Amino acid sequence: MPSTSTDPLPATTAVSGTRPTRIAVERAGDRARFSVLDQGLYLAPRPVAGTAGPLHLRVALIGIHMMLLGGDDVRIELHVGSGVTLEVIEPAGLVAYDADGCASRWSLDAVLAEGSALIWDGAPFVVAGGANVQRETRVRFAERSRVLLRETLVLGRSGEPGGALRSVTRLTGPSGDSLYEDLDLTGIRHRSVGVLGESKVLASATAAGWRPAAGPPAPVESPDRRRQDQAVSAHRFELAAEGSVLRAIAASAHEADREVAPQYAQWSQELLR
């Protein structure tokens, strides 16, 4: 059985020697506070005002170094203390640039203590033609902890084919894996039936450790509008453990975001209540 330890992440650097961005939050009396705010080589954490309450902290990840280029290794390490909610915002999208196939890596490793929550509001992750990216999202959460992730993967900038992307998402709770997804979009695989086909964008909102309430029924649309939108729609999948995944596949990021963003906003407000 995989480990679900909620001990704080050790102060280590990447194998490549890249300094990770590290954030830790904890409860101090009736309020939450940042106990670690370590700037990495590529990203600097900056606290953001306007939280939902004293046990809710918000932080933005600000790019301070050119990325993603061939050989880059961007690492983010989070630890959320018991009873605290941490919201992480990516203000701008990230582009993995043409590197003639030279590999690069982006990873998020988060540990949630009992009764905590993590909201990850990710911006579009664009894989340009010629890029070769390994992307990993790893979250370990304890009893009564909740996770909400928003991610948008884009294959190629406007008018270009996408590069190679392998994206692994693993969310592990007290009883084992809630979600373990290995999405291989390298070579011609992303054109395969049952993967992306001719689409370029995969947008998702993922909840684990809790099951969001069902959204309101879709508004009645005219036949012309239904024909325009029939190629893009979000589908909700229920996990075997407590959790849900909302996913949309589209030709452009704004089309996918239109389908996922309203439900993500509702889930986020539900988690913060």
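Keep in mind the model is a prediction, meaning the values are calculated, not measured. (Residues numbered from 1 in each chain as written. Predicted model: local features only at pLDDT ≥ 70, side-chain atom pairs only at ≥ 80, totals over all residues. Heavy atoms only, no water.)

**With respect to the pattern of salt bridges**
No. 1: Inspection of every chain in the model, using the stated rule, returns 20 salt bridges.
No. 2: Its salt-bridge partner being Asp73, residue Arg75 comes within 3.1 Å of it at the nearest N-O pair.
No. 3: Relative accessible area serves as the criterion here: at 21%, Arg75 is assigned to the partly exposed category.
No. 4: The buried category is assigned to Asp73, whose relative accessible area is 7%.
No. 5: Across the pair Glu160 and Arg157 runs a salt bridge, and its minimum N-O distance is 3.1 Å.
No. 6: Look at Arg157 and you get partly exposed, because its relative accessible area is 36%.
No. 7: Shared partners join several salt bridges into a network, and the residues in it are Asp73, Arg75, Arg105 and Glu136. (Salt bridge = Lys/Arg side-chain N within 4 Å of Asp/Glu carboxyl O. Buried < 20%, exposed > 50% of the residue type's maximum accessible area, 1.4 Å probe, protein only.)

**Points about the pairing of strand 11 (residues 146-155)**
No. 1: Most of strand 11 is tucked away, with 9 of its 10 residues classed as buried.
No. 2: Here strand 9 (residues 117-127) runs beside strand 11; their pairing, made up of 9 bridges, is parallel. When the bridges of strand 11 are listed, Val126 appears paired with Val154.
No. 3: With 8 bridges connecting them, strand 11 and strand 14 (residues 201-208) associate as antiparallel partners. Note that in strand 14 the partner of Thr152 across the bridge is Ala203. (Helix = DSSP H or I, 4+ residues; strand = E, 2+ residues; numbered from the N terminus. Pairing = 2+ DSSP bridges.)

**Side note on the side chain of Lys200**
No. 1: Along the chain, Lys200 turns up in the loop between strand 13 (176-185) and strand 14.
No. 2: Glu160 is the oppositely charged side chain nearest to the buried, salt-bridge-free Lys200, at an N-O distance of 6.6 Å.
No. 3: Reaching out from Lys200, the side chain makes a polar contact with the backbone oxygen of Arg157 at a distance of 3.0 Å.
No. 4: Lys200 has contacts with Leu153, Val154, Leu155, Gly156, Arg157, Gly159, Glu160, Ala250 and Ala251, leaving out every residue within four places of it along the chain. (Lys, Arg positive; Asp, Glu negative; His and termini not counted. Polar contact = N/O pair within 3.5 Å; in protein donor to acceptor, adjacent residues only side chain to side chain. Contact = heavy atoms within 4.5 Å.)

**A closer look at the environment of Arg140**
No. 1: Note on placement: Arg140 falls in strand 10 (residues 132-141).
No. 2: For the pair formed by Arg140 and Asp177, sequence separation is 37 residues and the distance between their alpha carbons is 8.9 Å.
No. 3: Among the polar contacts made by the side chain of Arg140, one reaches the side chain of Asp109 at a distance of 2.9 Å.

**A short note on unusual backbone geometry**
No. 1: Residue Leu68 follows Met67 across a cis peptide bond; omega there is -10°.
No. 2: Summarising the element assignment, Leu68 is placed in the loop between strand 4 (56-63) and strand 5 (73-80).
No. 3: For Asp100, which is not a glycine, the phi torsion comes out positive at approximately 55°.

**Details of the sheet that holds strand 5**
No. 1: Read across the open sheet, the 7 strands follow the order 2-1-5-8-10-12-13; overall the sheet is mixed. Each end of this open sheet is capped by a strand with a single partner; those strands are strand 2 (31-38) and strand 13. Adjacent strand axes in the sheet meet at a mean angle of 10° when their direction is disregarded.
No. 2: As judged from the 8 bridges shared by strand 5 and strand 8 (residues 103-112), these two strands associate in the parallel manner. Counterpart to Val74 in the pairing with strand 8 is Trp106. (Axes fitted to C-alpha atoms, helices over the stretch in contact; angles between N-to-C directions.)

**Description of helix 2 (residues 253-272)**
Because each turn of an α-helix spans 3.6 residues, side chains separated by three or four positions end up pointing in the same direction.
No. 1: Between its terminal C-alpha atoms helix 2 stretches 26 Å, which fits the 28 Å expected from 20 residues at 1.5 Å a residue.
No. 2: The largest bend in helix 2 is about 35°, located at Val260, with the proline Pro262 one to four residues further on.
No. 3: Buried residues of helix 2: Ala256, Val260, Gln263, Tyr264, Trp267, Ser268, Glu270 and Leu271, and no others. (Expected span 1.5 Å × (residues − 1). Bend = angle between axes of the 7 residues up to and from the residue.)

**What about the pairing of strand 13?**
No. 1: Here 9 bridges tie strand 12 (residues 164-173) to strand 13, and the two strands are oriented antiparallel to one another. Within strand 13, the position partnered with Arg170 by the bridge is Tyr180.
No. 2: Between strand 12 and strand 13, which pair antiparallel in sequence order, lie 2 residues.

These figures capture arrangement, not role.
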